[in-house]
Amino acid sequence: MTTTATAPAGDQWTVLRGPVTGETATATATAFAARHHLACEHEDSGRLRLTDPVTSHTLVTVRWMSLPPQAPRALGFQVPPPAAVDILIDPHPGGHRLAAELHDALAARLLPYTGSELDGIRAAMPLLEHYSRPNPAFNNWALLFRDHYLEHSTGFVLAMERAGIPAEWIFTLDKGDRTWNRDRVHATFLARGYRSDVLDNSAVNDPDAHQAQLAGPAPRSTRSSTPRTRPGGGFWLSMTAGCWPAATARSVRRGLWTPRWN
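It should be emphasised that the depicted structure is a prediction, and the values quoted were computed from it without experimental measurement.

Colleague: Go over the pairing of strand β5 (residues 84-91), please, and point to the residues and values.
Modeller: Within β5, six of the eight residues are buried, leaving the element largely enclosed by the surrounding structure. Relative to β5, strand β1 (residues 14-18) runs antiparallel, the two being bridged by five bridges. Following the sheet pairing, L16 is matched in β5 by I87.

Now the structure itself:
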């Protein structure tokens, strides 16, 4: 399965697999074509082409195929298992950028944890369930969370949202390790309205070697077109490793990873 971290490059075709139907794939591709003023030609029940409306030149071909019941995509087992499809995205000359954008649009539908998967994660963390009731103590707080992108991380951040921190005030950072399902966690966070990005461990361990990156502009997922002021001005920081090294903390405050809420 390709992920949002390995979107198609050049003339590379990619395959996405996820718990959606062919109708969802068709609707997503059709809406994408309309946004880009492209023609969407349905050739059969499992194939369509995005074409230039002027020249009729094919830019991207999309094929999909329904799959038999699949192994669980989460630690918990789903009964019955959700339906799944394989979606192949095949760029043609001149369509590489569009194929990459369509990949991301389809991934946003396929990758997030399903409602039943999130219910399973929540049920597996009863202590968080007990302490995640709405709490006025979190009024005017924002959450800055950095950890490995795993299911227990997902459960913790969702619990903080249930406790009273709005989704728009949650900013999550992946440690950059190649953990299983990290792209599903990232897609789930984005789908819920959080800001999600990567602060790699290498930047934490050796911030001086990453000054150019840390001093750069905020990533697109953290930017906002409107001023963002949280009255309480605080944020919660969670890290498995404990405290920030001083140099990294300075980089976080001044550079790439400064929360753009104020």
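Further notes follow.
Colleague: Quick one: what's the story with the nonpolar core, residue by residue and with numbers?
Modeller: Ranked by internal contacts, the top residues of the largest apolar core, which has 25 residues, are L50, V60, V62, I87, I89 and L102. Of all the secondary-structure elements, those providing two or more residues to this core are α1 (22-35), β3 (47-51), β4 (58-67), β5 and α2 (96-110). Broken down by element, this core gets its largest block of residues, seven residues, from α2. The residues touching V62, leaving out its near neighbours within four places in the chain, are G46, R47, L48, I87, L88 and L102. By size, the runner-up hydrophobic cluster in this structure holds 20 residues, among which are Y113, I121, L158 and I165.

Colleague: Explain the environment of P53 to me, using residue names and the numbers behind them.
Modeller: Its place among the elements puts P53 in the loop between β3 and β4. Judged by its relative accessible area of 51%, P53 falls in the exposed class. Once the C-alpha coordinates of P53 and H37 are considered, the two residues, 16 residues apart in sequence, prove to be 7.8 Å apart. Not counting residues within four places of it along the chain, the set of residues in contact with P53 comprises H37, L38 and A39.

Colleague: Can you lay out the pattern of salt bridges for me, pointing to particular residues and giving the numbers?
Modeller: Side chains that differ in charge, positive against negative, can pair when their charged atoms come close. Applying the stated rule across the entire model yields 10 salt bridges. For D90, the salt bridge is made with R63, and the minimal N-O distance between the two is 3.7 Å. Of the two residues, D90 is situated in strand β5 and R63 in strand β4; the sequence distance between them amounts to 27 residues. In this structure, a network of salt bridges that share partners links the residues E41, E43, R47 and R49.

Colleague: Account for the packing of helix α3 (residues 115-123) against helix α5 (residues 151-163), with residues named and values stated.
Modeller: Where α3 meets α5, the axes come as close as 9 Å, and the angle between the chain directions of the two elements is 90°. Classified by the interaxial angle, the pair formed by α3 and α5 is roughly perpendicular. Residues L118, I121 and R122 of α3 form the contact with α5, whose participating residues are E151, T154, G155, L158 and R162. Of the residues belonging to the contact of α3 with α5, the class tally is three nonpolar, two polar and three charged.

Colleague: Could you give me a rundown of the side chain of R182, with the residues and numbers involved?
Modeller: Checked against the element boundaries, R182 lands in helix α6 (residues 182-191). D183 provides the closest opposite charge to the buried, unpaired R182, separated from it by 4.5 Å. Non-local contacts of R182, meaning those with residues more than four positions away in its chain, are made with Y149, D174 and D177.

Analysis parameters
Residues numbered from 1 in each chain as written. Predicted model: local features only at pLDDT ≥ 70, side-chain atom pairs only at ≥ 80, totals over all residues. Heavy atoms only, no water. Buried < 20%, exposed > 50% of the residue type's maximum accessible area, 1.4 Å probe, protein only. Helix = DSSP H or I, 4+ residues; strand = E, 2+ residues; numbered from the N terminus. Pairing = 2+ DSSP bridges. Core = buried A, V, L, I, M, F, W, Y, C linked by side-chain atoms within 4.5 Å. Contact = heavy atoms within 4.5 Å. Salt bridge = Lys/Arg side-chain N within 4 Å of Asp/Glu carboxyl O. Axes fitted to C-alpha atoms, helices over the stretch in contact; angles between N-to-C directions. Parallel < 35°, antiparallel > 145°, perpendicular 65-115°, else oblique. Nonpolar A, V, L, I, M, F, W, Y, C, P; charged D, E, K, R; others polar. Lys, Arg positive; Asp, Glu negative; His and termini not counted.

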